[in-house]
Amino acid sequence: MILDLKKLFVTENYTLPIDHNVDLSDLEFSGAYPLKKPVTTSGKITNRAGLVTLSLNMVYVFSAPCDRCGLPTEICHTVELEKSLAPEIAGTDSDDIIVIDDYKLDLDELIYTEIVISLPMKHLCREDCKGLCNICGKNLNEGVCKCETKTVDPRLQALAHLLKNED
């Protein structure tokens, strides 16, 4: 969605509301397509005394297996964006200012970029996920398994045998 902001830049105390959904279901991330539902975006672009600002609230649902236990999980994430808009910028670039060429803003591209930057590096079903047993593969969130958790490195097996003989 391309927004024409020419009127906004020339009219003080003008607000352009934003209510937009973006389908990012074709976005591949770590070999999967985790954004099955559209990203909902709401916000506004405002000109207050010649200063044009963009305020966006983006909400998306990240659907993927838990990185520890493998269970399918959906978690809702919110990304908030506050930027100033300018038709040109003098001097060095700033992360707080978006330069608008020809007074047109590609909202879909901006949303895409912000969502990709915010995707979680580690996706867990819950904060305290215990994962899977390394030996039998049981989900440790459902209870403990009966596997022997104390293992001895085979290279040190001879030392363990010596320690048993001292007792």
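Cut-offs used in this document
- Residues numbered from 1 in each chain as written.
- Predicted model: local features only at pLDDT ≥ 70, side-chain atom pairs only at ≥ 80, totals over all residues.
- Heavy atoms only, no water.
- Helix = DSSP H or I, 4+ residues; strand = E, 2+ residues; numbered from the N terminus.
- Expected span 1.5 Å × (residues − 1).
- Buried < 20%, exposed > 50% of the residue type's maximum accessible area, 1.4 Å probe, protein only.
- Arc of directions from axis to C-beta.
- Polar contact = N/O pair within 3.5 Å; in protein donor to acceptor, adjacent residues only side chain to side chain.
- Pairing = 2+ DSSP bridges.
- Phe/Tyr/Trp six-rings, centres within 6.5 Å; stacked < 30°, edge-to-face > 60°.
- Core = buried A, V, L, I, M, F, W, Y, C linked by side-chain atoms within 4.5 Å.
- Contact = heavy atoms within 4.5 Å.
- Disulfide = S-S within 2.5 Å.

(A) Focus on helix α2 (residues 107–118). The terminal C-alpha atoms of α2 lie 17 Å apart, and with 12 residues this matches the ideal 16 Å at 1.5 Å per residue to within 8%. For α2, every residue scored as buried is listed here: Leu 107, Leu 110, Ile 111, Glu 114 and Ile 115. Angular distribution of buried residues about the axis of α2 spans 125°; they occupy a single face of the element. Opposite the buried face of α2, by more than 90 degrees, sit the exposed residues Glu 109 and Ile 117. Between the side-chain oxygen of the N-cap and the backbone nitrogen of Asp 108 there are 3.3 Å, and the N-cap of α2 in question is Asp 106.

(B) Geometry of the pairing of strand β4 (residues 51–65). The pairing of strand β3 (residues 39–48) with β4 spans 9 bridges and is classified as antiparallel. Bridging from a neighbouring strand, Thr 40 pairs with Val 59 of β4. Taken together, β3 and the strand that follows it, β4, pair antiparallel across an intervening segment of 2 residues, in which Ala 49 is found at a positive phi of about 55°. Pairing analysis gives 14 bridges linking β4 to strand β5 (residues 72–86), with the strands arranged antiparallel. Directly across from Val 59, in β5, lies its bridge partner Thr 78.

(C) Main features of the packing of aromatic side chains. Applying the stated criterion to the full structure yields 2 aromatic pairs. On the basis of an interplanar angle of 80° and a centroid distance of 6.0 Å, the ring pair of Phe 29 and Phe 62 is categorised as edge-to-face. Of this pair, Phe 29 sits in the loop between β2 (14–22) and β3 while Phe 62 is found in strand β4, placing the two residues 33 residues apart along the sequence. The partly exposed category is assigned to Phe 29, whose relative accessible area is 23%.

(D) Summary view of the nonpolar core. Judged by nonpolar contacts, the single largest core of 29 residues is most densely connected at Leu 5, Ile 45, Leu 54, Leu 85 and Ile 115. At the level of secondary structure, the elements contributing two or more residues to this core comprise α1 (6–10), β2, β3, β4, β5 and α2. Top contributing element to this core by residue count: β4, with 7 residues. Leave out the neighbours within four places in its chain, and Ile 115 touches Leu 24, Leu 35, Val 39, Met 58, Tyr 60 and Val 79.

(E) Broad picture of the state of the cysteines. Summed over all chains, the structure comprises 0 disulfides. Take Cys 147: it sits in no disulfide, and the sulfur closest to it among the cysteines is that of Cys 136, at 3.5 Å. The partly exposed category is assigned to Cys 147, whose relative accessible area is 22%.

That's the geometry; what it means functionally is another story.
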